[in-house]
Amino acid sequence: MCRHLGYVGPPVTVGELLVRGPHSLFVQSWAPRRMRGGGTVNADGFGAAWWRRANAGIDDVRHTVSRYRNSAPIWTDPAVEEVLGQLESHAVVAAVRSATVGMPIERGACAPFTDEHWAFSHNGLVPAWRAVLPAVAAYLDATLDAPVFRSPAILLEAESLTDSAALWVLLRGLLETLDPAEALTRLTGAVLRHAPEARLNLLLGNGIELWATTVYHSLSALATDDAAVLSSEPYDDDPRWQTVPDRSLVTAVPGRLTVTDLPALERSRT
């Protein structure tokens, strides 16, 4: 599948975070340890999103997101050192990709997916996503207090013909009316109701906070007083890394890590 990482803390260079530690995200692109049957390497592209603070008013500090993506393997791109190594940020979401068979290898298919101040990554798989995700959109509209999607045609807004890009369209819609934790919980539950074998490690950031789900694939967390990191695999041997249990919802900010169980899910009978 993929490997991803989210960081919030003291300013770092984006490039340094990608290569941080003896088992960095950079190394995980060719030598992952915990893929759990989701491929052997992550050579089908990579991306990084980072935030900058922009004062919009006396009491309004907005965090706007920028992004770099490449469909080539991360180890072939000199921009990791020459460009991203010069860009400093207090928050980063990054990913390396292992494309599912049949899905395109192109820049638009690479996480992170972004919109205004959000950045999103998906490590996993939605089987038969072209049929499942339109059904998920209809189900969510039927169960929300007010319809969000109104038509499965909204999935045509996806940047690429992949399950991850389509999931971002759905999550982005939910974020218009729900808080991030509720949006992730609703989306994960709806997908699993229609595709119980889906693998849904979702990672979301807004430049201030990180949220993630674990469904099948691995995730570890490192929380200190001044920084929070969520990563598919630990990038070093720091004993403070915690393994996040399967079927969990994670919220992380510097000094605080919250891990709760995802709600028990009623399976669809259709």
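Along each chain, numbering runs from 1 in the same order as the chain's sequence is written. At least 70 in pLDDT is required for a residue's local features to be given in this predicted model, at least 80 for side-chain atom pairs to be given and counted, and no such filter applies to totals for whole chains, interfaces and linings, which use all residues. Note that water and hydrogens are dropped before the side-chain values are worked out from all heavy atoms of the structure.

Asker: For this particular structure, what's the right way to read the sheet that holds strand β12 (residues 248-253)?
Answerer: DSSP bridges decide pairing: two strands pair if at least two such bridges lie between them. A run of H or I in DSSP becomes a helix once it reaches four residues, and a run of E becomes a strand once it reaches two; helices and strands are each numbered from the N terminus. Reading across the sheet, the 6 strands line up as β5-β6-β7-β8-β12-β13 and stay open at both edges, with antiparallel pairing between neighbours. One side of each edge strand has no neighbouring strand; the edge strands of this open sheet are β5 (113-115) and β13 (256-261). Looking at each pair of strands side by side, their axes are set apart by 15° on average, direction ignored. Examined bridge by bridge, strand β6 (residues 118-125) and strand β7 (residues 199-205) share 7 bridges and lie antiparallel to one another. By the bridge assignment for β7, His122 is matched with Leu202. Relative to β6, helix α5 (residues 163-174) is tilted by about 135°, and along the sheet it contacts β5, β6 and β7. The strands touched by helix α6 (residues 180-194) within the sheet are β6, β7, β8 (210-214) and β12, with β7 carrying the most contacts at an inclination of about 160°. With axes taken as lines fitted to C-alpha atoms, and helix axes fitted only over the stretch in contact, angles between N-to-C directions fall between 0 and 180 degrees. Between two residues, a contact is recorded if the distance between any of their heavy atoms is within 4.5 Å.

Asker: What is the right way to read the packing of α5 against α6 from this model?
Answerer: When two helices pack together, you describe them by how their axes are tilted relative to each other and by the distance separating the axes. Viewed as axis vectors pointing N to C, α5 and α6 meet at an angle of 135°, and their least axial separation amounts to 9 Å. Here α5 lies oblique to α6, going by the angle between them. Crossing of α5 over α6 shows right-handed handedness. Contacts from Leu167, Leu170, Leu171 and Leu174 of α5 reach α6 at Ala183, Leu184, Arg186, Leu187 and Val191. Of the residues that constitute the contact of α5 with α6, the class distribution is 8 nonpolar, no polar and 1 charged. The labels follow the angle: roughly parallel below 35 degrees, roughly antiparallel above 145, roughly perpendicular from 65 to 115, and oblique for the rest. Whether a crossing is left-handed or right-handed is set by the direction in which the near helix is turned from the far one by less than a right angle, anticlockwise for left-handed and clockwise for right-handed. Here the nonpolar group is Ala, Val, Leu, Ile, Met, Phe, Trp, Tyr, Cys and Pro; Asp, Glu, Lys and Arg are the charged ones; every other residue, Gly included, is treated as polar.

These figures capture arrangement, not role.
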